[in-house]
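# Structural overview
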Amino acid sequence: MKQDKDLEGLVRQRIRSLRSARGWSLDELASRCLLSPSTLSRIETGHRRIALDQMAAIARALGTTLDQLVESDADDDVVIRPHCNEERGITTWLLSRDSRQTVAKMRVTREVPQELRVHPGRDWLTVLSGTIMLRLGERTILVGANEAAEFSTMVPHAFGAHGGPAEILCILDHEGERSHLGPEHQDDTTAS
């Protein structure tokens, strides 16, 4: 029972904080989620339980999701630790992951693999340091520090370091994550 109260308190705090961060009054948020200002006030202060349909409308109006409103506030481990795959010549830091995209920092030490791969979607990367050699079909493109590349992943492609280690920041969809990060990064949060 205490856990339910803690979660309700957390959701109420998030609603109030998101509303305040947007500079909205109770009246403004209430009109955006089709609730009366008094109902919204009672929800924020804990004088009224939050119904699921109300929470969904409030989340939509605040530009968030139900999942984000109710997710745990436990910060068990806020440090992002690298995963080193020496065989593939890549060290990866997963910076964020949701059901559609993964943001990762990668340190690439391998040369460009001979095998070019394809998968649905698009990849985006920016080079933080060093130089990346990107093979797209028959083309070879050098992408240096402070440069970025974005391409259809239906074009056969591969990348590797050129002239020494390189670090990149990349955004990958689910298929790109499976292809570029390897199976060791597959878990329940990315299962299709």
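## Some words on the overall build of the chain
Looking only at helices and strands, the chain has 6 helices and 9 strands in total. Buried positions account for 39% of the 192 residues belonging to the chain. Within the chain, residue pairs in contact and separated by at least 24 positions form 60% of the contacts whose partners lie at least 6 positions apart. Accessible surface for the chain amounts to roughly 11400 Å². Of this, 50% is attributable to carbon and sulfur atoms.

## Considerations on the pattern of salt bridges
Throughout the structure, instances matching the rule amount to 7 salt bridges. We note a salt bridge from Lys105 to Glu167, for which the minimum N-O separation is 3.3 Å. Of this pair, Lys105 sits in strand β3 (residues 101-108) while Glu167 sits in strand β9 (residues 166-173), and the two are 62 residues apart along the sequence. Classification of Lys105 by relative accessible area gives partly exposed; the value is 24%. Across the pair Glu167 and Arg107 runs a salt bridge, and its minimum N-O distance is 3.6 Å. Here Glu167, found in strand β9, pairs with Arg107, found in strand β3; they are 60 residues apart in sequence, far enough to count as distant. Three or more residues joined by partner-sharing salt bridges are found here, namely Glu8, Arg12 and Arg49.

## Here's the deal with the packing of aromatic side chains
Counted according to the given criterion, the structure contains 0 aromatic pairs. Of note, Lys105 hangs over the ring of Trp93, and the distance from its end group to the ring centre comes to 4.7 Å. Residue placement shows Arg110 over the ring face of Phe159; its charged tip is 5.2 Å from the ring centre.

## Observations regarding the nonpolar core
Counting residues in each nonpolar core, the largest one holds 18 residues, and the members touching the most others are Met106, Val108, Ile132, Phe159, Ile168 and Cys170. Counting only elements with at least two residues in this core, the list comes to β3, β4 (122-129), β5 (131-136), β7 (148-152), β8 (157-161) and β9. With 4 residues, the single largest contributor to this core is β9. What Ile132 contacts, discounting residues up to four positions off in sequence, is Val108, Val127, Ile141, Leu142, Val143, Phe159, Gly160, Ala161, Ala166 and Ile168. Counting 17 residues, the second-largest nonpolar core is a separate cluster that includes Cys33, Leu35, Leu40 and Leu69.

## Description of the environment of Lys105
For the pair Lys105 and Ile168, spaced 63 residues apart in sequence, the C-alpha separation works out to 5.7 Å. A polar atom in the side chain of Lys105 sits 3.3 Å from the side chain of Glu167.

## Some details on the sheet that holds β5
Taken together, 3 strands build an open sheet; the order of strands is β6-β5-β8 and the sheet is antiparallel. Either end of the sheet is taken by a strand with one partner, and the two such strands are β6 (139-144) and β8. Across this sheet, the average inter-strand angle for adjacent strands is 20°, counted without regard to direction. One ladder, built from 6 bridges, connects β5 with β6; its direction is antiparallel. Bridge pairing in β6 places Met133 opposite Leu142.

Cut-offs used in this document
- Residues numbered from 1 in each chain as written.
- Predicted model: local features only at pLDDT ≥ 70, side-chain atom pairs only at ≥ 80, totals over all residues.
- Heavy atoms only, no water.
- Helix = DSSP H or I, 4+ residues; strand = E, 2+ residues; numbered from the N terminus.
- Buried < 20%, exposed > 50% of the residue type's maximum accessible area, 1.4 Å probe, protein only.
- Contact = heavy atoms within 4.5 Å.
- Areas by Shrake-Rupley, 256 points an atom, 1.4 Å probe, with all protein chains shown as cover.
- Salt bridge = Lys/Arg side-chain N within 4 Å of Asp/Glu carboxyl O.
- Phe/Tyr/Trp six-rings, centres within 6.5 Å; stacked < 30°, edge-to-face > 60°.
- Lys NZ or Arg CZ within 6 Å of the ring centre and 35° of its normal.
- Core = buried A, V, L, I, M, F, W, Y, C linked by side-chain atoms within 4.5 Å.
- Polar contact = N/O pair within 3.5 Å; in protein donor to acceptor, adjacent residues only side chain to side chain.
- Pairing = 2+ DSSP bridges.
- Axes fitted to C-alpha atoms, helices over the stretch in contact; angles between N-to-C directions.

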